[in-house]
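# Report on the structure
Residue strings, one per chain:
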Amino acid sequence: MYVCHCNVVTDRDILEAIANGARCVADVARATGAGRTCGNCVGSLRDLVCQHCPVRAGGTTEHPAERELGVSGAAR
């Protein structure tokens, strides 16, 4: 399923980024490009990270690096 239409990123791309070490939305954005254009997918990105990343599963607060990497805030 497409998660980020702007940058053509699928849920499999997100899960692969997590499997390769991404631990927050900013890491996934850096690895895939998702969430860096319009921001409509940031909520879905956050959900996938929270569901599949053992490090972030407990806390779902905004990661400070999201702003530094240009992750759009439209879906926050």
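Residues numbered from 1 in each chain as written. Predicted model: local features only at pLDDT ≥ 70, side-chain atom pairs only at ≥ 80, totals over all residues. Heavy atoms only, no water.

### Details of the confidence of the model for the chain
Per-chain confidence: the chain averages 81 in pLDDT, with 70% of residues scoring 70 or above. Within the chain, the element-level pLDDT minimum falls on helix α4 (residues 65-68), averaging 51, and the maximum on strand β2 (residues 9-10), averaging 97. Per-residue pLDDT stays below 50 along residues 56-61; that stretch engages in nine contacts with residues further than four places along the chain or on separate chains. (pLDDT = per-residue confidence, 0-100. Helix = DSSP H or I, 4+ residues; strand = E, 2+ residues; numbered from the N terminus. Contact = heavy atoms within 4.5 Å.)

### A look at the pattern of salt bridges
Pairs can form between side chains of opposite charge whenever their charged atoms are close. Under the criterion given, the structure shown has one salt bridge. Its salt-bridge partner being Arg30, residue Asp27 comes within 3.1 Å of it at the nearest N-O pair. Here Asp27 pairs with Arg30, and both are found in helix α2 (residues 25-32), just three residues apart, close to one helical turn. With relative accessibility at 49%, the residue Arg30 sits in the partly exposed group. (Salt bridge = Lys/Arg side-chain N within 4 Å of Asp/Glu carboxyl O. Buried < 20%, exposed > 50% of the residue type's maximum accessible area, 1.4 Å probe, protein only.)

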